[in-house]
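Structural characterization, general
The residues making up each chain are set out below.
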Amino acid sequence: MNVRSLRFSHYRNLCQGEYRPCPGVNLLYGNNAQGKTNLLEAIWLFTGGKSFRGARDGELVAFEQPSAQLEMDFTAAGRDQSAEIIIKNSKRTAALNGVDKGAASRLVGNFCAVVFSPEHLSLVKDGPMGRRQFIDAALCQQTPAYASLLGRYQHTLTQRNALLKDIPRHSELLDTLDIWEDKLARYGAGIALRRMKYIADLSPFAAGFYQGIAEGKETLEVHYQSSFWEQEQPTSQEQLQTALQHSLLQNRREDIACGFTTVGPHRDDVALQVDGRSARMYASQGQQRSTVLALKLAEASILMETLGERPVVLLDDVMSELDTARQDYLLNHIQGWQVFITCCEPTPVLRLAEGTAVRIQQGELLADAPPVPPAAGTTCENE
């Protein structure tokens with residue numbers, strides 16, 4: 001799977017133009033606020049997902065313009081394809097191979113990519129919610145039906161939580177908890193089983209990529225931590241369902257006192273350890289960034305096994321806080337993938353053995369321009 005060309009019109013600060021990347025490593029460099037991240041974001045939208053920067057659709061249109069348009073030619077499922085996205089009136093609509101798809105979210109499954117941005121460092125730095133969302137987003141792209149399962153679980157969880165708040169004032173409602181707990185255990189077991197299997201598959205890939213990034217000097221371990229299942233892996237979904245149902249029953253009194261459900265997949269976590277120690281507590285900035293990179297590249301590898309082809313890899317502001325050896329691994333040792341990397345300093349361009357480098361200045365792509373060193377004191381930020 002790869003991008004053959006991207007055309008844009010009035011998308012953020014990318015006024016109008018076309019980008020033709022190579023099938024290998026594509027380096028996008030330039031000073032801050034020039035449009036590098038905007039270009040990656042435009043490619044990402046063709047996965048059917050929302051902006052990885054959390055932007056609303058209306059914010060994607062250039063200032064004082066009524067609409068924005070993106071067109072992409074790409075290869076997927078063994079054939080050349082094309083897609084178009086129109087952003088107007090704060091909505092995104094799409095067409096695939098000339099056929100109107102309606103909402104852009106209906107592009108899901110036709111073009112796949114994995115993205116790293118500085119915001120994803122929260123996978124290591126912050127609490128369990130971000131790590132759960134990482135697994136869920138990956139599983140939704142791998143198996144679109146997983147999103148429906150998540151929706152059913154969340155709806156049932158909301159109903160049980162509302163009931164827990166009402167029971168202290170209406171004790172007659174206590175008996176109705178059984179109904180919601182049966183559903184919650186069934187949906188929750190399905191989610192937990194898929195997550196556990198995903199982490200079991202992800203872990204060796206992540207360890208391998210981290211070892212490559214760290215030149216074999218450090219190790220990364222990834223483990224799923226369930227709030228209701230203590231063993232490494234269950235033998236069946238029925239086992240998980242029984243365990244979750246038992247935990248919900250045991251925790252009823254505490255849940256009623258708290259007014260929310262204290263056990264279930266919504267309380268689970270993923271343990272990340274560098275050299276046997278918590279990455280959140282003890283890893284350096286470079287190690288934390290390397291950990292997230294390894295997770296993202298591992299996510300791409302699992303997608304490749306599922307799809308039968310490699311997804312596109314988007315790495316935004318990935319070079320900062322990585323030493324020269326780790327940068328070299330990303331530039332020259334990820335073979336067979338189409339990779340897009342943004343950075344501020346032109347130094348990595350000089351170390352790029354194969355691929356293309358494009359300088360972006362004020363929303364324009366300057367492919368033939370030589371590297372220009374940034375001004376003194378320049379730091380890299382998203383634009």
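It should be emphasised that the depicted structure is a prediction, and the values quoted were computed from it without experimental measurement.

**Quick word on the state of the cysteines**
- Applying the stated rule across the entire model yields zero disulfides.
- No disulfide involves Cys112; its sulfur sits 12 Å from that of Cys140, the nearest cysteine.

**Topic: the sheet that holds strand E7 (residues 99-103)**
- If you trace the six strands from one edge of the open sheet to the other, you get E2-E1-E4-E5-E6-E7, paired in antiparallel fashion. Only two strands of the sheet have a single neighbouring strand rather than two, namely strand E2 (14-19) and E7. Each strand axis lies, on average, 15° off the axis of its neighbour in the sheet, ignoring direction.
- Here strand E1 (residues 2-11) runs beside strand E4 (residues 67-76); their pairing, made up of seven bridges, is antiparallel. For Phe8, the partnering residue across the bridge sits in E4 and is Leu70.
- Where helix H1 (residues 36-44) meets the sheet, its contacts fall on E1, E2 and E4, and the angle it forms with E1 comes to roughly 115°.

**Concerning the sheet that holds strand E11 (residues 277-278)**
- The strand order across the open sheet built from three strands is E9-E10-E11, with neighbouring strands paired in antiparallel fashion. Only two strands of the sheet have a single neighbouring strand rather than two, namely strand E9 (220-225) and E11.
- Both strand E10 (residues 269-274) and E11 contribute to a ladder of two bridges, which runs antiparallel. For Val274, the partnering residue across the bridge sits in E11 and is Arg277.
- On the sheet, helix H5 (residues 177-213) packs against E9 and E10 and is oriented at approximately 170° with respect to E9.
- Sheet contacts for helix H9 (residues 285-307): E9 and E10; angle to E10, the most-contacted strand, approximately 125°.

**Topic: the pattern of salt bridges**
- Following the criterion strictly, the structure yields 19 salt bridges and no others.
- Of the charged contacts, one joins Arg160 and Asp255 as a salt bridge, the two residues approaching to 3.0 Å between their closest N and O atoms. One end of the pair, Arg160, is in helix H4 (residues 145-166); the other, Asp255, is in helix H7 (residues 252-258), with 95 residues separating them in the sequence. The exposure classification of Arg160 matches that of Asp255, with both residues buried.
- Between Lys296 and Glu299 there is a salt bridge, with its nearest N and O atoms 3.7 Å apart. With Lys296 and Glu299 both in helix H9, this residue pair falls three residues apart, about one helical turn. Glu299 shares its class with Lys296; the two are buried.
- Through salt bridges with shared partners, one network takes in Arg7, Glu18, Arg20, Glu71 and Asp73.

Calculation criteria
- Residues numbered from 1 in each chain as written.
- Predicted model: local features only at pLDDT ≥ 70, side-chain atom pairs only at ≥ 80, totals over all residues.
- Heavy atoms only, no water.
- Disulfide = S-S within 2.5 Å.
- Pairing = 2+ DSSP bridges.
- Helix = DSSP H or I, 4+ residues; strand = E, 2+ residues; numbered from the N terminus.
- Axes fitted to C-alpha atoms, helices over the stretch in contact; angles between N-to-C directions.
- Contact = heavy atoms within 4.5 Å.
- Salt bridge = Lys/Arg side-chain N within 4 Å of Asp/Glu carboxyl O.
- Buried < 20%, exposed > 50% of the residue type's maximum accessible area, 1.4 Å probe, protein only.

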